[in-house]
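Chain residues, written in single-letter form:
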Amino acid sequence: MSDKLNIGNQELGSRLFLGTGKFSSRQAMIDAVKASGTELVTVALRRFNREQAEDDLYGPLSELEGVRLMPNTSGAMNAKEAIRAAMLGRELSKSPFVKLEIHPNPHHLLPDPIETYEAAIELVKQDFLVLPYIPADPVLAKRLEDIGCAAVMPLGAAIGTGKGLSTAEMIKIIIRDANVPVVVDAGLRAPSEAACAMEMGCDAVLVNSAIAAAENPTAMGAAFKTGVDAGRAARLAGLMPTSEVAVASSPLTSFLSVDD
Amino acid sequence: MKLTVNGDQHAHQGNGSIAALLEELGANKAHTALMVNGDVVPSDRWDATKLEENDEVEMLVFVGGG
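Residues numbered from 1 in each chain as written. Chains lettered and ligands numbered in written order. Predicted model: local features only at pLDDT ≥ 70, side-chain atom pairs only at ≥ 80, totals over all residues.

K.L.:
Honestly, the overall build of chain A in this entry has me stumped. Any pointers?
P.N.:
On a plain count of helices and strands, chain A comes out with nine helices and ten strands. Its C-alpha atoms give chain A principal-axis dimensions of roughly 90 × 40 × 40 Å. Every one of the 260 residues in chain A was classed for burial, and the buried ones make up 47%. (Helix = DSSP H or I, 4+ residues; strand = E, 2+ residues; numbered from the N terminus. Buried ≥ 20, exposed ≤ 12 C-beta atoms within 10 Å, placed from the backbone.)

Right, here's the structure in full:
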């Protein structure tokens, strides 16, 4: 069965998006990307430094077949900076995707909803496929959908914390009301949490730290692939209803009863 | 020509073209995005762009990020 994910006019075969930060080496990142089966990876922009030319990921990433790039706007403190970062990123990625992230406070890295909203308006006008990283706020998610964002990416927990789906109840409301894909971004630690997000009805998950900081990033990339696939398959299969009381699976006939 | 490149003073010895500056600094043209005085300069406008004294140039590359 075909189960492609459509974001704007782009079609993706994998519902696992990968971040490329925090890996111990370029090769570790490439191996994890391949093992995960992802077709969309995020990248960041940094000033060119001749002394650290090996950090330039353009070459190795562009050699990965079937993998598209989604530059992020990390480092932007406000809408204006994010718009500029997005334009610079598109220059290199040749891709319409942008992960719009504006988180001015380094302590919690939580997104600034007002600056994000303002930047999104402008980036949509400039024909980006805007995927904003947002607090798990159903009202904001709907407003971003209304102005033309291609998807919304509520956080499961703060970036890099591995606290999982701490915002699950809010994400469920976002999913119920959304007409664009919902991608859980940030906070996931275990493939079971990715499976859980997909079972809830998320359209994709974006994972970075959980894979990059695993003891074996390649194996964890593969494990997340399995988790996402299982969760998606379960969602499509339809989970059974829950019940407050026990419902027997076996006949409770009394043929074993012993008469005195 | 005196320029500020990525926040540092740089004495440019070339002809003031973007290509000359990138070459001088050892940057790969295809891997580099550019801003001059806060404005993004798309690569298809590089040939038509002449740097001027005291221009502030930002040269950016892709690195790992989530």
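Resuming the write-up.
K.L.:
Hey, could you run me through helix 1 (residues 18-25) of chain B in this one?
P.N.:
Residues that lie three or four places apart on an α-helix share one face, since the helix turns once every 3.6 residues. Residue and element names in this part refer to chain B. Within the span of helix 1, buried status applies to Ile18, Leu21 and Leu22. When helix 1 is viewed along its axis, its buried side chains cluster within an angular range of 95° and face the same direction. Tucked inside the fold, the buried residues of helix 1 contact strand 3 (33-36) and strand 5 (56-64). Immediately beyond the C-terminal end of helix 1, within one or two residues, lies Gly26, with a positive phi of roughly 75°. (Arc of directions from axis to C-beta. Contact = placed C-beta atoms within 7 Å.)

K.L.:
Looking at this model, I keep getting lost on the interface of chain A and chain B. Mind explaining?
P.N.:
It is common to give the size of an interface as the accessible area lost on bringing the parts into contact. Taken together, the 29 residues of chain A in the interface contact 20 residues of chain B. For the side of chain A that touches chain B, the elements supplying multiple residues, two or more each, are strand 4 (40-47), helix 2 (58-62) and helix 3 (79-93) of chain A. The residue makeup of the side of chain A that touches chain B, split by class, is twelve nonpolar, nine polar and eight charged. Two elements, strand 4 of chain A and strand 5 of chain B, share five bridges in a ladder whose sense is antiparallel. (Nonpolar A, V, L, I, M, F, W, Y, C, P; charged D, E, K, R; others polar. Pairing = 2+ DSSP bridges.)

K.L.:
Would you mind showing me how to read the sheet that holds strand 7 (residues 129-134) of chain A here?
P.N.:
With parallel pairing, three strands are arranged side by side in an open sheet as 6-7-8 (chain A). Either end of the sheet is taken by a strand with one partner, and the two such strands are strand 6 (97-100) and strand 8 (153-154) of chain A.

K.L.:
Sorry, what's going on with the environment of B:Ala11 here?
P.N.:
Residues and elements named next belong to chain B. You can see Ala11 is positioned in strand 2 (residues 8-11). Its 8 C-beta neighbours within 10 Å are what place Ala11 among the exposed residues. Put simply, Ala11 and Met1 are ten residues apart on the chain and 5.6 Å apart in space, counted from C-alpha to C-alpha.

K.L.:
How do you make sense of the packing of helix 3 of chain A against helix 4 (residues 113-125) of chain A when you look at a structure like this?
P.N.:
Packed helix pairs are specified by the crossing angle of their axes together with the interaxial distance, meaning the distance between the axes. Residues and elements named next belong to chain A. It is at 8 Å that the axes of helix 3 and helix 4 come closest, and there the two elements cross at 40°. Taken together, the axes of helix 3 and helix 4 are oblique relative to one another. Along this stretch, helix 3 crosses helix 4, giving a crossing that reads as right-handed. Here Ala79, Ala82, Ile83 and Ala86 of helix 3 lie close against helix 4, whose contacting residues are Glu115, Glu118, Ala119, Glu122 and Leu123. Split into classes, the residues belonging to the contact of helix 3 with helix 4 amount to six nonpolar, no polar and three charged. (Axes fitted to C-alpha atoms, helices over the stretch in contact; angles between N-to-C directions. Parallel < 35°, antiparallel > 145°, perpendicular 65-115°, else oblique. Left-handed = near helix turned anticlockwise from the far one by under 90°.)

K.L.:
What exactly am I supposed to notice about the confidence of the model for chain B here?
P.N.:
On average, residues of chain B carry a pLDDT of 94, and 100% of them reach 70 or more. Both scores are available for the predicted complex, with the pTM at 0.92 and the ipTM at 0.93. (pLDDT = per-residue confidence, 0-100.)

K.L.:
I tried to follow unusual backbone geometry on my own but got confused; where do I start?
P.N.:
Where the residue is not glycine, phi is negative for most of them; where a peptide bond is considered, it is trans in most cases. Residues and elements named next belong to chain B. Positioned with a positive phi, Asn6 is a non-glycine residue whose angle comes to about 50°. Tracing the chain through its elements places Asn6 in the loop between strand 1 (2-5) and strand 2. When the 15 C-beta atoms within 10 Å are taken as the criterion, Asn6 is described as partly exposed. In this structure, Asn37 takes a positive phi of about 50° despite not being glycine.

K.L.:
Just checking my understanding: could you explain helix 7 (residues 191-200) of chain A for this structure?
P.N.:
Residues and elements named next belong to chain A. Most of helix 7 sits inside the fold, with eight of its ten residues counted as buried. Lining the buried residues of helix 7 we find helix 6 (168-177), strand 9 (183-185), strand 10 (204-207) and helix 9 (217-237). Gly201 sits one or two residues past helix 7 and shows a positive phi near 115°.

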